[in-house]
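This is what each chain is made of:
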Amino acid sequence: MTTKTRAFLKWAGGKFALVEEIARRLPDADRLVEPFVGAGSVFLNTNYPSYLLSDINPDLINLYQTLKHDADHYIVESRKLFVAEQNNKEAYYLARQRFNDTNDQFERAMLFLYLNRHGYNGLCRYNKKGGFNVPFGSYKRPYFPQKEMEFFAEKAQRATFLCADYHTTFAQVRSGDAVYCDPPYLPLSATASFTSYASGGFNLEAQHALAGCARDAAAKGVSVLISNHDTGEAREIYQEADRQEFLMVKRTISPKGNGRKKVNEIFAGYGPAR
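Summarised in this report is the structure supplied together with it. Everything quoted here is computed from the prediction, not taken from an experiment.

So, on to the pairing of strand S4 (residues 177–181). For S4, a buried count of 5 out of 5 residues is recorded, marking the element as mostly surrounded by other parts of the structure. A two-sided burial pattern is seen for S4, the buried positions comprising Asp177, Val179 and Cys181 on one face and Ala178 and Tyr180 on the other. Pairing geometry for strand S1 (residues 31–34) and S4, over 3 bridges, is parallel. Bridging from a neighbouring strand, leucine 32 pairs with alanine 178 of S4. One ladder, built from 4 bridges, connects S4 with strand S5 (residues 223–229); its direction is parallel. By the bridge assignment for S5, tyrosine 180 is matched with leucine 225.

Shown next, in the form of structure tokens:
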């Protein structure tokens with residue numbers, strides 16, 4: 001990998017800094033399946049003939065579908081929100097309310113990008129009623145990621161996007177696929193959980209169930225790679241993996257500068273090795 005491509009969305013837990021480490025652990029395959037696609041850094045920085053990319057967040061998948069099928073129109077219209085008049089608290093909260101009230105998928109896609117780039121720390125968070133509730137971010141000049149969206153839209157022609165949970169996605173895995181799983185990470189401490197990016201969260205039971213899906217896929221000859229924080233719980237969850245590797249990575253784990261520190265990462269590999 002020479003030049004890395006950045007995702008056009010800000011995303012908690014994004015894998016841009018780790019894509020080389022992930023890519024070299026993934027085998028050649030006919031298709032890469034990602035049940036937790038997030039901002040898509042692995043998709044953008046690998047070169048498979050085709051992709052199945054899923055996430056449980058319907059707004060994320062709607063945005064990706066819109067870019068895939070209507071990129072030029074989408075970019076022209078969404079740029080109109082990235083002007084000085086829209087970069088203040090009043091405009092932001094009006095836009096957030098519009099987003100929560102509308103069922104128009106194109107409008108939701110435009111506003112999702114606006115909220116992502118203008119909201120606090122690029123967070124994606126919903127309340128119990130399903131309403132987006134991230135506060136205003138107060139950035140001087142939010143970046144409009146046109147080049148990144150154009151690259152995404154072009155590569156998206158190789159991808160199928162699916163709004164689904166990991167169980168549904170694994171049910172579509174077939175011989176010749178490789179699977180990369182980037183689930184919401186296990187917390188490093190009792191107060192450090194970032195698992196509420198979509199309604200419902202991702203609890204310990206779900207972490208174990210995902211490992212079970214990986215074992216089942218591996219039994220069919222499919223290679224599965226899962227990344228997570230290297231914690232005692234993670235080592236227990238992945239104890240039946242065919243391979244475990246460990247890495248120190250620099251990550252921002254709080255919005256403050258002193259939150260940038262190295263943490264342990266675990267890669268659990270199931271099925272055929274690369």
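So much for the structure itself; the text now carries on.
It is worth spelling out helix H5 (residues 105–118) at this point. An α-helix turns once every 3.6 residues. As a result, residues three or four positions apart point the same way. Taking 1.5 Å per residue as the helical rise, H5 with its 14 residues ought to reach 20 Å, and the 20 Å between its terminal C-alpha atoms agrees with that figure. Summarising burial for H5: 12 of the 14 residues are buried, a large majority. Inspection of H5 places Glu107, Arg108, Ala109, Met110, Leu111, Phe112, Leu113, Tyr114, Leu115, Asn116, Arg117 and His118 among the buried residues, and these make up the whole buried set. Of the surrounding elements, those touching the buried residues of H5 are helix H3 (58–79), helix H4 (89–101) and helix H6 (146–155). The residue sitting at the N-terminus of H5 and contributing the capping side-chain oxygen is aspartate 104; that oxygen lies 3.2 Å from the backbone nitrogen of phenylalanine 106.

Once that is clear, we can look at the nonpolar core. In a soluble, globular protein the nonpolar side chains are often hidden away together inside. Within the largest apolar cluster, 58 residues are counted, with the highest numbers of intra-cluster contacts made by Tyr64 and Phe112. Broken down by element, this core gets its largest block of residues, 8 residues, from H3. In contact with phenylalanine 112, not counting residues within four places along its chain, are Leu9, Trp11, Asn57, Asp59, Leu60, Leu63, Phe99, Cys124, Tyr126 and Phe132.

What follows covers the side chain of histidine 229. Note on placement: histidine 229 falls in strand S5. Within the structure, histidine 229 has its side chain in polar contact with the backbone oxygen of leucine 186 (distance 2.6 Å).

Once that is clear, we can look at the packing of aromatic side chains. Two measures describe an aromatic ring pair: the distance that separates the ring centres and the angle between the ring planes. For the coordinates displayed, the defined rule picks out 20 aromatic pairs. With 5.3 Å between their ring centres and 85° between their planes, tyrosine 92 and tyrosine 93 make a pair best called edge-to-face. When the ring of phenylalanine 152 is compared with that of phenylalanine 161, the centres are 6.0 Å apart and the planes differ by 20°; the resulting orientation is stacked. On the basis of relative accessibility, which here comes to 6%, the residue phenylalanine 161 falls in the buried class. Just above the ring of tyrosine 139 sits the side chain of lysine 10; from NZ or CZ to the centre is 4.0 Å. Directly above the aromatic system of phenylalanine 99 lies the positively charged group of arginine 108, at a separation of 4.1 Å from the ring centroid.

Calculation notes
Residues numbered from 1 in each chain as written. Predicted model: local features only at pLDDT ≥ 70, side-chain atom pairs only at ≥ 80, totals over all residues. Heavy atoms only, no water. Buried < 20%, exposed > 50% of the residue type's maximum accessible area, 1.4 Å probe, protein only. Helix = DSSP H or I, 4+ residues; strand = E, 2+ residues; numbered from the N terminus. Pairing = 2+ DSSP bridges. Expected span 1.5 Å × (residues − 1). Contact = heavy atoms within 4.5 Å. Polar contact = N/O pair within 3.5 Å; in protein donor to acceptor, adjacent residues only side chain to side chain. Core = buried A, V, L, I, M, F, W, Y, C linked by side-chain atoms within 4.5 Å. Phe/Tyr/Trp six-rings, centres within 6.5 Å; stacked < 30°, edge-to-face > 60°. Lys NZ or Arg CZ within 6 Å of the ring centre and 35° of its normal.

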